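# Descriptive structure summary
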Amino acid sequence: MFSNATFPSLLSGLLGISGATQASHSSCIDFSPTSLPGVSVAAATYYPANTSVDISNLYMSVNSSTLPAFCRLELLVTTNETAGSFANTELWLPDEWNGRMLTIGNGGFAGGADVLTLGTIAVPQGFAGISTNTGHNSSSGDATWGGPHNDNALVDFGWRAVHQSVIAGKEVVKQYYNQAAKRSYYLGCSNGTTAALKEIQLFPDSFDGIVVGAPATPVTGFISWVSHTLQVTGTTTSPEFIPRALWTDVVAPEVLRQCDGLDGLQDGVLSNPRACNFRPEPLTCRPGQDPTTCLTIAQLGTLHHQYTDYFEANQTFVFAGYLPGGETVYGGLWDNVSRDQGGSIDYYRYMVLNDTTWVNADYNSTLFKISEEVNPGQANADDPDLLAFAAAPYNGKVLHYVGLADPLIPSGNSERYYGQVLAHTRAHSPDLDVNDFYRFFEVPGMAHWCGGPGANVFGSLLQPPSPVLDAEHSVIGAIVRWVEEGVAPETLVATKYNDDNPASGVAFTRPLCKYPLTVRYKGGNKTEASSFECV
């Protein structure tokens, strides 16, 4: 998807590549782990530097000829000996190893290792990279493998495949390089970050630092919100449905008209959308008005629903709604979501109800309660107690980011979880402050993973390469510096490319502020991050 950039010496120094441990072709193809029950090498392939690497699975693919030399081990990791289940786990081992391990998360219901991020982030930056199919093979939108009644596969997906792969990966790395990894990190976004949060909640010794983007947690709340929203938005022929063109050409300009200057600059990006008290009523259609230029009363009702958090009976919070500022990406999602297959349909059919005839029209408030009780695979990762991970002897760190224009997992849910962790920490620890171990950054105008009108490149997965990869411009650099040097990130710098294409040049840069601070223009060059402050 994205080509590799030439990584600057500054990051190489930060990550320790210059003094890296050397490996070789023979150590790769001859490698076989010893005294490691339940782990075997299905295949070992050595790739010299700058050779063609063309690898794909049902989830992800990579095609590059610019990677440094590395050994690809395809592991079979037993997850349940009694059931005979296993995970397909990729372990990529660079010849010039920086002494660290980086586990890469998946997205959605994906059953395939993220070979793209292994090839664009892990290996080029010197990490021993790990990613797993979480115990099954599928695309990110397919959960038919989950049932009916395939509980063992659900547990693998929920947490076990990642956990067993991390354990196996640490030992294989130790045997391959003849020394243990000095640090273990995690990088993921969307449902891939749910696995990381689950891991540090259950097994605080697995990682020294994790980078989590837009976590879909609790999964039960997220899927229920999707089903609820599908009902609220209606089908494409329903009177309440808002077509993509109305979102982009009618709603988006009105949001900017009302709120764009609140951060001191009219630039098409809302830096603090919570300060925007958006009133859509001025968009109401007058008698005889062209319906492509306004909203009907029914469509106004849909809009209000989508900007509202989803609660069920007795004010039970389910999931957050949209914030103003992402209208150019909000409409496209619901245009493309199928109401007959994938996503929430598969979740309820194969994971919760074990009823393959279920359709989204059958969704009601009782199903949220049922899904909470079932909690398929114990995948919910919303426990706010991170104290075992954060306190000595582990002293783990969390760097959490979310796009404020995320159309798939609205950002308010990340804000809510951060607040729960803060409250729990204050209530149960006399010494720890949440800032000691958890930093949360909101990304104005960024959609899911990347994209959107705002600055959306900062060295994370599935993003175009950052023009600079240091601790200020890269979340990987930031988490490494925090864990190993004790320098916690106060701000990050994000880049916006013209047309989101690095070949088209940089459009502007913006600071990302540590929550709850927000970005404000203070004067100067409007395209430079230094012209903005966190207030």
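None of the values given here were measured: they were computed from a predicted structure.

Here the focus is the packing of helix α6 (residues 219-233) against helix α8 (residues 297-306). Where α6 contacts α8, the two axes come as close as 9 Å, and the packing angle between them is 165 degrees. The orientation of α6 relative to α8 falls into the category roughly antiparallel. Where α6 crosses over α8, the two elements pack in a sense that is left-handed. Facing α6, whose interface residues are Thr229, Val232 and Thr233, α8 presents Thr302, His305 and Gln306. Along the lines of polarity and charge, the residues of the contact of α6 with α8 split into 1 nonpolar, 5 polar and no charged.

Describing two packed helices takes the angle between their axes plus the distance from one axis to the other. The N-to-C vectors of helix α7 (residues 244-259) and helix α9 (residues 327-336) enclose an angle of 160 degrees; their axes lie 8 Å apart at closest approach. Classified by the angle their axes make, α7 and α9 are roughly antiparallel. In this structure, α7 meets α9 at a crossing whose hand is right-handed. Counted together, Arg244, Trp247, Thr248, Val251, Ala252 and Val255 of α7 and Glu327, Thr328, Tyr330, Gly331, Gly332, Asp335 and Asn336 of α9 form the full contact between these two elements. Looking at side-chain class alone, the contact of α7 with α9 contains 5 nonpolar, 5 polar and 3 charged residues.

Once that is clear, we can look at the environment of Ile104. Note that Ile104 resides in strand β6 (residues 100-104). In this structure Ile104 comes out as buried when scored by relative accessible area, which is 2%. Spatially, the C-alpha atoms of Ile104 and Val211 are 9.9 Å apart, while their sequence positions differ by 107 residues. Leaving out residues up to four positions away in the same chain, Ile104 has contacts with Asp114, Thr117, Leu118, Ile130, Ser131, Tyr186, Leu187 and Leu461.

Attention now goes to the pairing of strand β15 (residues 506-513). Each regular strand shows side chains that alternate between the opposite faces of the sheet. Among the 8 residues of β15, 6 are classified as buried, and the element is accordingly described as predominantly covered. By the bridge criterion, 7 bridges tie strand β14 (residues 491-497) to β15 in an arrangement that is antiparallel. Across the sheet, the residue bridging to Lys496 is Phe508, located in β15.

Once that is clear, we can look at the nonpolar core. Ranked by size, the top nonpolar core spans 92 residues in total, and within it Leu93, Leu102, Leu187, Ile210 and Tyr438 carry the most contacts. In contact with Ile210, other than residues within four places in its own chain, are Tyr186, Ala196, Leu197, Ile200, Lys397, Val398, Leu399 and Ile479. Grouped together as the second largest cluster of nonpolar side chains are 46 residues, Ala153, Phe222, Val250 and Phe368 included.

Cut-offs used in this document
Residues numbered from 1 in each chain as written. Predicted model: local features only at pLDDT ≥ 70, side-chain atom pairs only at ≥ 80, totals over all residues. Heavy atoms only, no water. Axes fitted to C-alpha atoms, helices over the stretch in contact; angles between N-to-C directions. Helix = DSSP H or I, 4+ residues; strand = E, 2+ residues; numbered from the N terminus. Parallel < 35°, antiparallel > 145°, perpendicular 65-115°, else oblique. Left-handed = near helix turned anticlockwise from the far one by under 90°. Contact = heavy atoms within 4.5 Å. Nonpolar A, V, L, I, M, F, W, Y, C, P; charged D, E, K, R; others polar. Buried < 20%, exposed > 50% of the residue type's maximum accessible area, 1.4 Å probe, protein only. Pairing = 2+ DSSP bridges. Core = buried A, V, L, I, M, F, W, Y, C linked by side-chain atoms within 4.5 Å.

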